[in-house]
Amino acid sequence: MNNRLRVLRAERRWSQQELADRLQVSRQSVNAIETGKYDPSLPLAFSIADLFGLAIEDIFLRE
């Protein structure tokens, strides 16, 4: 699944660690999501969407 997480994070000038801290996950999880190696659980996807004030489908895109 493609996503815009890296772009959204960069727009806010957050490091992967800062985003991970806000989401209460590891930096490695953020990296894996950004690179498409891991699809987040639905609760985590909602947390990400809430944090950025967007709908899930505005962040995560079907391939």
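Residues numbered from 1 in each chain as written. Predicted model: local features only at pLDDT ≥ 70, side-chain atom pairs only at ≥ 80, totals over all residues. Heavy atoms only, no water.

An unreviewed UniProt entry lists the protein under the name Transcriptional regulator, with Aurantiacibacter spongiae given as the organism.

Caption draft 1: Focus on the pattern of salt bridges. Scanning the entire structure with this criterion turns up 3 salt bridges. The partner of R12 in a salt bridge is E11, and the shortest N-O contact between them spans 3.7 Å. Of the residues examined, R12 reaches a relative accessible area of 32% and is grouped as partly exposed. The class for E11 is exposed, based on a relative accessible area of 53%. The network of salt bridges with shared partners includes R6, R9 and E34. (Salt bridge = Lys/Arg side-chain N within 4 Å of Asp/Glu carboxyl O. Buried < 20%, exposed > 50% of the residue type's maximum accessible area, 1.4 Å probe, protein only.)

Caption draft 2: Molecular detail of the packing of helix α2 (residues 16-23) against helix α4 (residues 42-52). Here α2 crosses α4 at 110°, and the two axes come no closer than 10 Å. In this view, α2 runs roughly perpendicular relative to α4, as classed from their interaxial angle. Of the two elements, α2 crosses α4, and the hand of that crossing is right-handed. The residues of α4 that touch α2, namely those facing L19, R22 and L23, are L44, S47, I48, L51 and F52. For the contact of α2 with α4, the residue count by class is 6 nonpolar, 1 polar and 1 charged. (Axes fitted to C-alpha atoms, helices over the stretch in contact; angles between N-to-C directions. Helix = DSSP H or I, 4+ residues; strand = E, 2+ residues; numbered from the N terminus. Parallel < 35°, antiparallel > 145°, perpendicular 65-115°, else oblique. Left-handed = near helix turned anticlockwise from the far one by under 90°. Contact = heavy atoms within 4.5 Å. Nonpolar A, V, L, I, M, F, W, Y, C, P; charged D, E, K, R; others polar.)

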